[in-house]
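Residue-level structural notes
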Amino acid sequence: MADVVQIARARADEVHTLSRLMQLYLHDFSEFAPFESPHGELGHDGIFAYPHLDAYWSEPNREPLLVHIAGRLAGFVLVNDWSALGRPVDFAIAEFFVARKYRRRGIGTEIARQVIAERPGRWEIAVLADNWPALAFWRRAIPAVHSGPVEIIEGDGERWRGTIFRLTRS
Ligand SMILES: CC(C)(COP(=O)(O)OP(=O)(O)OC[C@H]1O[C@@H](n2cnc3c(N)ncnc32)[C@H](O)[C@@H]1OP(=O)(O)O)[C@@H](O)C(=O)NCCC(=O)NCCS
């Protein structure tokens with residue numbers, strides 16, 4: 001698996017590629033947004049808004065990563081350093097997406113392994129409460145890719161509503 005999953009920083013001219021994948025991701029996500037909440041809403045232009053995407057090519061602590069499986073575009077990861085707990089952190093998974101064709105084959109786990117292994121430091125992975133498949137995934141994937149201690153903390157409901165995993169990659 002390690003040799004077929006290729007992760008590379010998205011170039012500036014790939015912003016449109018990432019933004020299209022983001023629409024698929026946000027549509028997946030919208031399934032779990034509570035009906036009465038403002039989350040998961042389409043704009044009148046038929047697009048899910050994602051305001052901070054351009055910042056991934058202009059701010060130093062943000063990384064836009066594209067994932068290819070055997071040369072085929074299959075997902076993306078956004079890494080930043082925003083802590084859902086308001087604690088010092090070096091890296092956080094902001095968004096993480098595997099296209100549907102490629103799911104449940106261990107690819108998400110392999111992506112997590114590579115992304116975390118290549119970035120030693122304090123990590124946070126925050127999962128929104130309503131996204132139960134993502135929580136099931138991270139509960140399974142983190143121990144598979146990291147052998148050290150992992151803190152599992154529930155967010156305060158304001159800064160973050162959901163579960164946060166913290167670990168240090170040496
Ligand atoms: C969550 C996601 C990244 C998982 O990717 P994946 O490549 O399917 O993950 P893996 O194949 O490595 O899954 C490893 C394990 O996680 C668990 N898991 C993964 N997806 C799951 C799901 N939909 N429901 C329940 N458990 C799941 C399973 O235990 C799985 O092992 P198994 O297939 O042997 O049962 C993918 O479904 C996705 O992109 N979802 C939409 C976006 C999203 O929610 N991203 C996470 C944001 S925090």
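Above this note sits the structure.
Residues numbered from 1 in each chain as written. Predicted model: local features only at pLDDT ≥ 70, side-chain atom pairs only at ≥ 80, totals over all residues. Heavy atoms only, no water.

1. Brief notes about the overall build of the chain
Secondary structure summary: the chain contains three helices and seven strands in total. When the helices and strands of the chain are listed from N to C terminus, the series reads β-α-β-β-β-α-β-α-β-β. Across its three principal axes, the chain shows a C-alpha extent of roughly 45 × 40 × 35 Å. For the chain, the proportion of its 170 residues judged to be buried stands at 43%. The long-range fraction of contacts in the chain, counting pairs at least 24 apart against all pairs at least 6 apart in sequence, stands at 65%. Looking at the chain, you have 20 positive and 22 negative side-chain charges, and the mean spots of the two groups are 7 Å apart. (Helix = DSSP H or I, 4+ residues; strand = E, 2+ residues; numbered from the N terminus. Buried < 20%, exposed > 50% of the residue type's maximum accessible area, 1.4 Å probe, protein only. Contact = heavy atoms within 4.5 Å. Lys, Arg positive; Asp, Glu negative; His and termini not counted. Charge placed at Lys NZ, Arg CZ, Asp CG, Glu CD.)

2. Focus: helix α2 (residues 107-117)
The buried count for α2 comes to eight of 11 residues, which makes it a mostly enclosed element. Inspection of α2 places I107, G108, E110, I111, A112, Q114, V115 and I116 among the buried residues, and these make up the whole buried set.

3. Observations concerning the packing of α2 against helix α3 (residues 132-145)
Packing of α2 against α3 leaves a shortest axis separation of 9 Å and a crossing angle of 50°. For the element pair α2 / α3, the angle class is oblique. Judged by the twist between their axes, the crossing of α2 over α3 is right-handed. Residues G108, T109, A112, R113 and I116 of α2 form the contact with α3, whose own contacting residues are F137, W138, A141, A144 and V145. Here the residues of the contact of α2 with α3 sort into seven nonpolar, two polar and one charged. (Axes fitted to C-alpha atoms, helices over the stretch in contact; angles between N-to-C directions. Parallel < 35°, antiparallel > 145°, perpendicular 65-115°, else oblique. Left-handed = near helix turned anticlockwise from the far one by under 90°. Nonpolar A, V, L, I, M, F, W, Y, C, P; charged D, E, K, R; others polar.)

4. Details of the site of the ligand
The ligand sits among 20 residues. The nearest are F96, R104, G108, T109 and R140. With respect to the ligand, the backbone of R105 contributes an N or O atom lying 3.2 Å from an oxygen atom. At 2.8 Å from an oxygen atom of the ligand is found a main-chain nitrogen or oxygen belonging to G106. Taken by itself the ligand offers 910 Å² of open surface, and the protein chains cover 81% of this. Looking at the shell around the ligand, the elements that each hand over two or more residues are α1 (15-30), β4 (91-98), α2 and α3. Looking at the shell around the ligand, the element that brings in the most residues is α3, giving seven residues. Of the residues in the shell around the ligand, the class split is 11 nonpolar, four polar and five charged. (Near = heavy atom within 4 Å. Polar contact = N/O pair within 3.5 Å; in protein donor to acceptor, adjacent residues only side chain to side chain. Areas by Shrake-Rupley, 256 points an atom, 1.4 Å probe, with all protein chains shown as cover.)

5. Observations regarding α1
Look at α1: 22 Å from first C-alpha to last across 16 residues, which is about the 22 Å you get at 1.5 Å a residue. On its buried side, α1 packs onto β2 (63-69), β3 (72-80) and β4. (Expected span 1.5 Å × (residues − 1).)

6. A word on the side chain of E95
Looking at the element boundaries, E95 is found in strand β4. In this structure E95 is buried but unpaired, with R62 as the nearest side chain of opposite charge at 7.9 Å. Only 2.4 Å separates the side chain of E95 from the side chain of Y25, close enough to count as a polar contact. Residue contacts for E95: discarding those within four places in its chain leaves M22, Y25, Y50, F76, V77 and L78. (Salt bridge = Lys/Arg side-chain N within 4 Å of Asp/Glu carboxyl O.)

7. Some words on unusual backbone geometry
Of note in the backbone geometry, A70 takes a positive phi value of approximately 45° without being a glycine. Relative to the assigned elements, A70 resides in the loop between β2 and β3.

8. Some points on the packing of aromatic side chains
Applying the stated criterion across every chain yields a total of 10 aromatic pairs. Here the aromatic rings of Y25 and F97 are separated by 6.1 Å at their centres, their planes lie at 85°, and the arrangement is edge-to-face. Here F97 lies in strand β4 and Y25 lies in helix α1, a separation of 72 residues in the sequence. Residue class for F97 comes out buried when judged on its relative accessible area of 4%. Ring centres of F137 and W138 lie 4.9 Å apart, and the angle between their planes is 65°; on these two criteria the pair is classed as edge-to-face. We classify F137 as partly exposed; its relative accessible area is 23%. A relative accessible area of 6% means that W138 is categorised as buried. Every member of this aromatic cluster is reached through a ring pair, and the members are Y25, F29, F76 and F97. (Phe/Tyr/Trp six-rings, centres within 6.5 Å; stacked < 30°, edge-to-face > 60°.)

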